[in-house]
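So you can see what is in the structure, the chains are spelled out below.
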2 protein chains.
Amino acid sequence: MAGSRDEGTIPAELLTALNKNSPVPLYHQLATALEQAIRDESLPPGARLENEIALGQRLGLSRPTVRRAIQELVDKGLLIRRRGVGTQVVQSGVTRDLGLTSLYEDLSLLGQSPETRVLHHEVRPATAEEAEQLALEPGAPVLHLVRLRLARHVPLAVLDNTLPTDSTDISREDLEEHGLYDLLRHRGVNMRIARQRISAREATPYESELLGIGKDAAVLTMSRTAIDTTGRVVEFGRHCYRPDLYSFEITLVDR
Amino acid sequence: MAGSRDEGTIPAELLTALNKNSPVPLYHQLATALEQAIRDESLPPGARLENEIALGQRLGLSRPTVRRAIQELVDKGLLIRRRGVGTQVVQSGVTRDLGLTSLYEDLSLLGQSPETRVLHHEVRPATAEEAEQLALEPGAPVLHLVRLRLARHVPLAVLDNTLPTDSTDISREDLEEHGLYDLLRHRGVNMRIARQRISAREATPYESELLGIGKDAAVLTMSRTAIDTTGRVVEFGRHCYRPDLYSFEITLVDR
DNA sequence: AAGTGGTCTAGACCACCTC
DNA sequence: AGGTGGTCTAGACCACTTC
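Residues numbered from 1 in each chain as written. Chains lettered and ligands numbered in written order. Predicted model: local features only at pLDDT ≥ 70, side-chain atom pairs only at ≥ 80, totals over all residues. Heavy atoms only, no water.

**Q** Sorry if this is basic, but what is going on with unusual backbone geometry here?
**A** Trans is the prevailing form of peptide bonds, just as negative phi is the prevailing case for residues other than glycine. With phi around 65 degrees, Asp 216 of chain A is a residue other than glycine that occupies positive phi space. Residue placement: Asp 216 of chain A occurs in the loop between helix H8 (205-211) and strand E7 (218-228). Its identity is not glycine, yet His 153 of chain B carries a phi of approximately 65 degrees, on the positive side. Of note, His 153 of chain B is situated in the loop between strand E4 (141-151) and strand E5 (154-163). In this structure His 153 of chain B comes out as exposed when scored by relative accessible area, which is 66%. (Helix = DSSP H or I, 4+ residues; strand = E, 2+ residues; numbered from the N terminus. Buried < 20%, exposed > 50% of the residue type's maximum accessible area, 1.4 Å probe, protein only.)

**Q** Mind showing me how you'd approach the protein's contact with DNA strand D here?
**A** Close to DNA strand D lie 25 residues, the nearest being Gly 84 of chain A together with Leu 26, Tyr 27, Thr 65 and Arg 83 of chain B. Restricting the count to atoms of DNA strand D within 4 Å of the protein gives a sugar and phosphate share of 64%. Measuring from a sugar or linking oxygen of DNA strand D, one finds a side-chain N or O atom of Arg 83 of chain A at 3.4 Å. Measuring from a base oxygen of DNA strand D, one finds a backbone N or O atom of Gly 84 of chain A at 2.9 Å. Going through the elements one at a time, helix H3 (63-75), strand E1 (79-82) and strand E2 (86-89) of chain A together with helix H1 (26-39) and helix H3 (63-75) of chain B are the ones with two or more residues in the surface near DNA strand D. Top contributing element to the surface near DNA strand D by residue count: H3 of chain B, with 4 residues. Its residues placed into classes, the surface near DNA strand D shows 7 nonpolar, 8 polar and 10 charged. (Near = heavy atom within 4 Å. Polar contact = N/O pair within 3.5 Å; in protein donor to acceptor, adjacent residues only side chain to side chain. Nonpolar A, V, L, I, M, F, W, Y, C, P; charged D, E, K, R; others polar.)

**Q** Where do I start with the packing of aromatic side chains in this structure?
**A** Here the structure, examined in full by the defined rule, presents 6 aromatic pairs over all chains. Aromatic pair Tyr 241 of chain B and Tyr 246 of chain B: ring centres 4.1 Å apart, planes at 20 degrees, arrangement stacked. Like Tyr 246 of chain B, Tyr 241 of chain B is buried. Judged by centre distance (5.7 Å) and plane angle (90 degrees), the rings of Tyr 241 of chain B and Phe 248 of chain B are edge-to-face. Taken together, the ring pairs connect Tyr 241, Tyr 246 and Phe 248 of chain A into an aromatic cluster. Above the face of the Tyr 27 of chain A ring, Arg 68 of chain A is positioned so that its terminal group lies 3.8 Å from the ring centre. (Phe/Tyr/Trp six-rings, centres within 6.5 Å; stacked < 30°, edge-to-face > 60°. Lys NZ or Arg CZ within 6 Å of the ring centre and 35° of its normal.)

**Q** I'm lost on H3 of chain B in this one. Help?
**A** Two residues of an α-helix separated by three or four positions point the same way, owing to the 3.6 residues in each turn. All names here are of chain B. Compared with the 18 Å implied by 1.5 Å per residue over 13 residues, the 18 Å span of H3 between its first and last C-alpha is a close match. Taken as a whole, H3 has its buried residues at Val 66, Ala 69, Ile 70, Leu 73 and Val 74. Down the axis, H3 shows its buried residues gathered within 145 degrees of arc, on one side only. Positive phi appears at Gly 77, one or two residues downstream of H3, with a value of about 85 degrees. (Expected span 1.5 Å × (residues − 1). Arc of directions from axis to C-beta.)

**Q** How do you make sense of the interface of chain A and chain B when you look at a structure like this?
**A** Accessible area lost when the parts come together is the quantity often used to give the size of an interface. Residue-level contacts link 55 residues of chain A with 55 residues of chain B. Buried area between chain A and chain B, summed over both chains or domains, comes out near 4,600 Å², and the portion from carbon and sulfur atoms is 50%. Across the contact surface, chain A and chain B share 2 salt bridges. Note that Arg 197 of chain B is salt-bridged to Glu 249 of chain A, the shortest N-O span being 1.8 Å. Put simply, chain A and chain B have 26 residue pairs in polar contact (both at pLDDT 80 or more) between them. For the side of chain A that touches chain B, the elements supplying multiple residues, two or more each, are E1, helix H4 (102-112), helix H5 (128-134), strand E6 (191-202), E7 and strand E9 (248-253) of chain A. Counting residues per element, the side of chain A that touches chain B draws most heavily on E6 of chain A, at 12 residues. Of the residues contributing to the side of chain A that touches chain B, the split by class is 25 nonpolar, 14 polar and 16 charged. Bridge count for E6 of chain A against strand E9 (residues 248-253) of chain B is 6 bridges, and the pairing is antiparallel. Within the sheet, the bridge partner assigned to Gln 196 of chain A lies in E9 of chain B and is Ile 250 of chain B. (Contact = heavy atoms within 4.5 Å. Buried area = accessible area lost by both parts, 1.4 Å probe. Salt bridge = Lys/Arg side-chain N within 4 Å of Asp/Glu carboxyl O. Pairing = 2+ DSSP bridges.)

Here it is, written out as structure tokens:
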């Protein structure tokens, strides 16, 4: 019970940076400002925030707007709220990047080291598993891809993807230059949901050669179905990663 | 562009089951009812919901309450909303269990097959890594545990956990009978946030013997720090799983 | 032009925790 | 008893999509 004295209340005057005419929502502007304050420790671990109403009044915002901003950081695992008590910054090194998980890690990695080799590129009938995952009739034409992804010239992952009919005209050249998600976005397909299953297994001989790892070495596997804004399945992927170079980070929040 | 005709609108009259005096929030009651309707396909894949205002009027709820219920299902990946268009049930087999991820899979597995063997149980000074992860001074006393988790008498995972000072009096016997999270909960420690990192590697000789797998076979690894409702780190765990018996499911939603 | 979800406000009542 | 977050309402205006 030895009390940890709560740190002083410093909600930062810098929040005057709220722009009411910006296209970015006020709750998100506030959430971003608070997150920054937490990460540079002007709001140190354990610090208590003002209550929602007072904070809203100081900022000229309504309580629901303030609540929504705070909720965003609660969902990220940066703040903790308790009824009757208040809102505090979580303890421990929050500073380290959390990341969300592979969908986004993939994207940011692409920005750093845009090397992709297309190993296989073929339109063929869907297998039973592919049809099942893509919600197609078995035998429907699909585009099957195998790519090798490298970062800093080191092989990182083998990506096996299957796409339904409307995307079968994506070319090899496009894929060497751009990420799959970028290509789809430029074609008007916007990803909204990804369902992923993560596990591990021994590498196949083909994979160990590609990845430059020992025979039967362990690989991290992820299979995913992605759904776009219209609710249709637009991609099914089976990926395997070098586990010494790749991992998935997840933050779970119990509500 | 071949149109997928939107299915008829059947928001189910059964939603009369809303109980305004229940301690469970109205938005969650509604979300649960909608989720059930989706899973038993009385709201089939692709079906469009009524708009939020109309739905609210029919149910005697305000729009924010209806919105919050819908948002819950959007976050679960069951519904998709588009401005100017409407709200639809996602395509593809949603019926299959989604699960959230290991924190919850652990808990539900416990209910099915409560076998745990405590292999190691010792209070000792924290290593550098443990101190770092638990936000303690190096050398502070911690409880170090190694447990073998079995399901249906088959070894499933090796769990290596470290707990800070206030939990060092948890006994071996307690751990054989109950899950770690149950024990902590009964001691007034309620988990709120878990930060997890998932990867893979080859099993150590010790692990392969315990798990009954080949030498150097692949294992799925997860390391986690858990934070309770007061914002303190209360557990650090390094787990490894048989990848043929265990995987992590994640649903990502892009907002 | 009409209809949808996205944002924001102002205020109310309640449940819970602490003192 | 007082202060906190949790829930819920009623209404307003806007941005986007579709026709």
